[in-house]
Amino acid sequence: MLTLTLPDGATREAPEGALARDIVASIGPRLLRDAIAVQVDGEIIDLNTPLRKGGAFRVLTEKDPESLAVLRHSGAHILATAVRRLRPDAKIGFGPAIEDGFYYDFEVAQPFTPEDLEKFESEMKKVIAEKYPFVREEVSQPEARKRFSDDPLKLERLGEFPEGEIISTYTDGPFIDLCKGPHVPDTSYLKNFKLLHTAGAYWRGDEHRQMLQRIYATAFWKKEDLDAYLHQLEEAKRRDHRVLAQQLDLYSTDARVGPGLILWHPRGSIIRNEIEEYEKALILRHGYDLVFTPHIMNERLFQISGHLENFKENMFGAMDVEGTGYRPKPMNCPGHICIYQSHPRSYRDLPIRYAEFGAVYRYERSGVLHGMMRVRGFTQDDAHIFCTAEQVPSEIVRLLDLCDEMLKTFGYPYTIELATRPDKALGAPEVWKKAEKTLADVLTERGQAFTYDEGGGAFYGPKLDFKLIDAIGRKWQGPTVQLDFNLPERFALEYTGADNTPHRPTMLHRVLVGSMERFVGGLIEHYAGAFPLWLAPEQVRVIPIADELKAYAQTVVDRLKARGVRVHLDDRSDTLNYKIREGEMLKIPYMAVVGKREAEADSIALRVRGAGKKQEVITVADFAARLEDELATRALKP
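Residues numbered from 1 in each chain as written. Predicted model: local features only at pLDDT ≥ 70, side-chain atom pairs only at ≥ 80, totals over all residues. Heavy atoms only, no water.

Undergrad: Please clarify how the packing of helix α8 (residues 241-248) against helix α16 (residues 516-526) should be interpreted in this entry.
TA: For any two helices packed against each other, one specifies the inter-axial angle together with the distance between the axes. Running from amino to carboxyl end, α8 crosses α16 at an angle of 85 degrees, the nearest separation of the two axes being 9 Å. The angle between α8 and α16 places the two elements in the roughly perpendicular class. Residue-level inspection shows His241, Leu244 and Ala245 of α8 in contact with α16, the latter providing Gly521, Ile524 and Glu525. Partitioned by chemical class, the residues of the contact of α8 with α16 number three nonpolar, two polar and one charged. (Axes fitted to C-alpha atoms, helices over the stretch in contact; angles between N-to-C directions. Helix = DSSP H or I, 4+ residues; strand = E, 2+ residues; numbered from the N terminus. Parallel < 35°, antiparallel > 145°, perpendicular 65-115°, else oblique. Contact = heavy atoms within 4.5 Å. Nonpolar A, V, L, I, M, F, W, Y, C, P; charged D, E, K, R; others polar.)

Spelled out as structure tokens, the structure:
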């Protein structure tokens, strides 16, 4: 018999193999009606799955966030049902739920078209209306091979199952799939869904295998949630950094240079430089020293660090230099370690905080490259802190303060995830547990909310991931703080303690913006290209309405330039309306229009970005003071 503990502490006894639905029914018929799935000892199974273990037992309804993945996984099967009805020749791959919806992979002779998606969506509605139950069966390996004899992708997967593996299938109407589940009770549960787009996807993610057609979709329990998500997708298209960056002339790529390598244009370089100058001042105030390390290093260094063992697939190949292999660095930490080891260190020297805006290079497959967000060469604002074990908690607190100050400057709310030991990791599990507990204790004592990302740590230590929340509610990877007991051991780092004997320091790795390229790409989308005054490539454009006013307009420009303002005089012969439209397209925060009355009063007619046609007459002196205040405070809006 299995013992199941309900959320209120009550228990139920059930024979092994009993269906989850029977337990739910024993609790109450209304609960069975509302039930989507159950969670047993942390594992989510559907109502028709036999129970094989006891433990905490919780019934999931539409109100539980975990139930959404069950609905979406079922949506993938309904999609496959519709596709196979209309395209019986389609070979079926996998169809999982993902963070924002679900997808299914198909092997077909011709790529799907937008018209195909419309037909599939209509057919899905028919499958939903037919209210097919999701029927679970457990079958033998020979029986499974018989059922999927016409699907080589499924046969390949079956060949990987170890002996004794429970093989289950799910059938809804005419469609059968090899699947562990869980699923909703029947197809009618999927009411609010949308097929989004198609994309090519290599089978099993292997670029040497065949290309499949992946259909992406999403689904929600409530129509208003679906509508909100679709609105967010439209807003995301409007904010696409690749489109806006071209409009604003910020960066480009060139096939002659190579994919995933960013060419920063003058306007984009202004944004980058402002961020770097701000961050340099910030970290110097927080006690860091700036260092610089080479772009390429002897690969022996990466053998010691463990990168060649654990990160090689993300590194570029070695180049031969006089018989020795050198590689572009994927990270800055080995170089900082070498600087630490260049002198004997005492406990009186610690903590030592090295920071670098270092160019790093990582091999990303061409299929995942995406504008500035996924690139092969980027600048990482790395820092590494060498400290005693006793100093670790206070250093983490300092890092939390630093990250919070930086993110507030850019107007980002955020959440924190504590990423724990991955499958591929250096060091003993007990060392990891100690490091994870240290991070959790600091956050708890600070009163900082956080969640766990199980298995999401770096190979050398657990980390805190700051997830930035942008203007339309999407999450981006932000700062990280990593606690590392492993690299000091691998490099045999030492300092002399107060007892005059050698001790091993602890390392903390941290980035603030992380990849400068990705951060700026995210900022473009966060601000929809309308940068705050301090970041705007062009802060003010002065526009005289007649040739005889050019001289006065130039004095306005000169006075603002003397105050450190990035200002441009537009004295072209084009119409005023044309000049204003161009300024609006470039999202310039302020346009100062100069007419005869403004020249006589030493003033300007000010147009503020986002205020439409409204103009404000203000003296040049007052406008300059206003700009100085906004720049000094790094105001988020003009």
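So that's the structure; there's more coming.
Undergrad: Looking at this model, I keep getting lost on the sheet that holds strand β10 (residues 167-172). Mind explaining?
TA: Strand-to-strand pairing in sheets goes through backbone hydrogen bonds, with the strands running parallel or antiparallel. Taken in spatial order, the three strands make up an open sheet running β9-β10-β11, and their pairing is antiparallel. Sheet topology places β9 (135-139) and β11 (175-178) at the edges, where each strand pairs with a single neighbour. With strand direction ignored, the average angle separating the axes of adjacent strands in the sheet is 25 degrees. As paired elements, β9 and β10 share five bridges and run antiparallel to each other. (Pairing = 2+ DSSP bridges.)

Undergrad: Sorry if this is basic, but what is going on with the packing of aromatic side chains here?
TA: Two measures describe an aromatic ring pair: the distance that separates the ring centres and the angle between the ring planes. Throughout the structure, instances matching the rule amount to 19 aromatic pairs. Pairing Phe112 with Phe120 gives two aromatic rings, centres 5.2 Å apart and planes at 85 degrees, and the pair type is edge-to-face. Pairing Phe450 with Tyr452 gives two aromatic rings, centres 5.4 Å apart and planes at 70 degrees, and the pair type is edge-to-face. Through a chain of ring-to-ring contacts, the aromatic side chains of Tyr278, Phe410, Tyr412, Phe519 and Trp534 assemble into a single cluster. Note that Arg204 overlies the ring of Trp203, its terminal NZ or CZ placed 5.2 Å from the centroid. For Lys434, the ring lying beneath its charged end belongs to Phe485, and the centroid distance is 5.4 Å. (Phe/Tyr/Trp six-rings, centres within 6.5 Å; stacked < 30°, edge-to-face > 60°. Lys NZ or Arg CZ within 6 Å of the ring centre and 35° of its normal.)

Undergrad: How should the environment of Asp423 be read in this particular structure?
TA: Along the polypeptide, Asp423 turns up in the loop between β22 (414-419) and α14 (429-446). C-alpha separation for the pair Asp423 and Gly456, spaced 33 residues apart in sequence, amounts to 9.2 Å.

Undergrad: Before we go on, may I ask you to explain the sheet that holds strand β20 (residues 352-361) in this structure?
TA: What the eight strands build is an open sheet, ordered β16-β20-β21-β28-β25-β24-β22-β23; its pairing is mixed. In the strand order of this sheet, the two ends are held by β16 (289-290) and β23 (451-453), each with one partner. Here six bridges tie β22 to strand β24 (residues 463-469), and the two strands are oriented antiparallel to one another. Residue pairing for β24: Glu417 is matched across the bridge by Asp465.

Undergrad: Would you mind going over the nonpolar core with me for this structure?
TA: If you look at soluble globular proteins, the nonpolar side chains tend to sit buried side by side. Among the nonpolar cores identified, the biggest contains 60 residues, and Ile275 and Phe410 are the most heavily contacted of them. Per-element accounting of this core gives the leading share, nine residues, to helix α13 (residues 392-410). In contact with Phe410, not counting residues within four places along its chain, are Ile275, Tyr278, Phe519, Leu523, His526, Tyr527, Trp534, Leu535 and Leu636. Core analysis: the second largest hydrophobic core is formed by 39 residues, Ile36, Leu71, Phe120 and Phe175 among them. (Core = buried A, V, L, I, M, F, W, Y, C linked by side-chain atoms within 4.5 Å. Buried < 20%, exposed > 50% of the residue type's maximum accessible area, 1.4 Å probe, protein only.)

Undergrad: What's the story with unusual backbone geometry in this structure? I'm lost.
TA: Comment: phi is negative for the bulk of residues other than glycine, and the bulk of peptide bonds are trans. Here the bond from Gly181 into Pro182 is cis, since omega is 0 degrees, no more than 30 degrees from zero. Structurally, the position occupied by Pro182 is in the loop between β11 and β12 (192-202). For the peptide bond that leads from Leu350 to Pro351, omega is 0 degrees, which places it in the cis range. Assignment of secondary structure puts Pro351 in the loop between α12 (333-340) and β20. The phi dihedral of Asp41 is positive, around 55 degrees, even though this residue is not glycine. Its location among the elements puts Asp41 in the loop between β3 (37-40) and β4 (43-45). Judged by relative accessible area, Asp41 falls into the partly exposed class, the value being 47%. Unlike most non-glycine residues, Lys587 shows phi in positive territory, near 55 degrees. If you trace the backbone, Lys587 turns up in the loop between α18 (576-585) and β31 (590-594).

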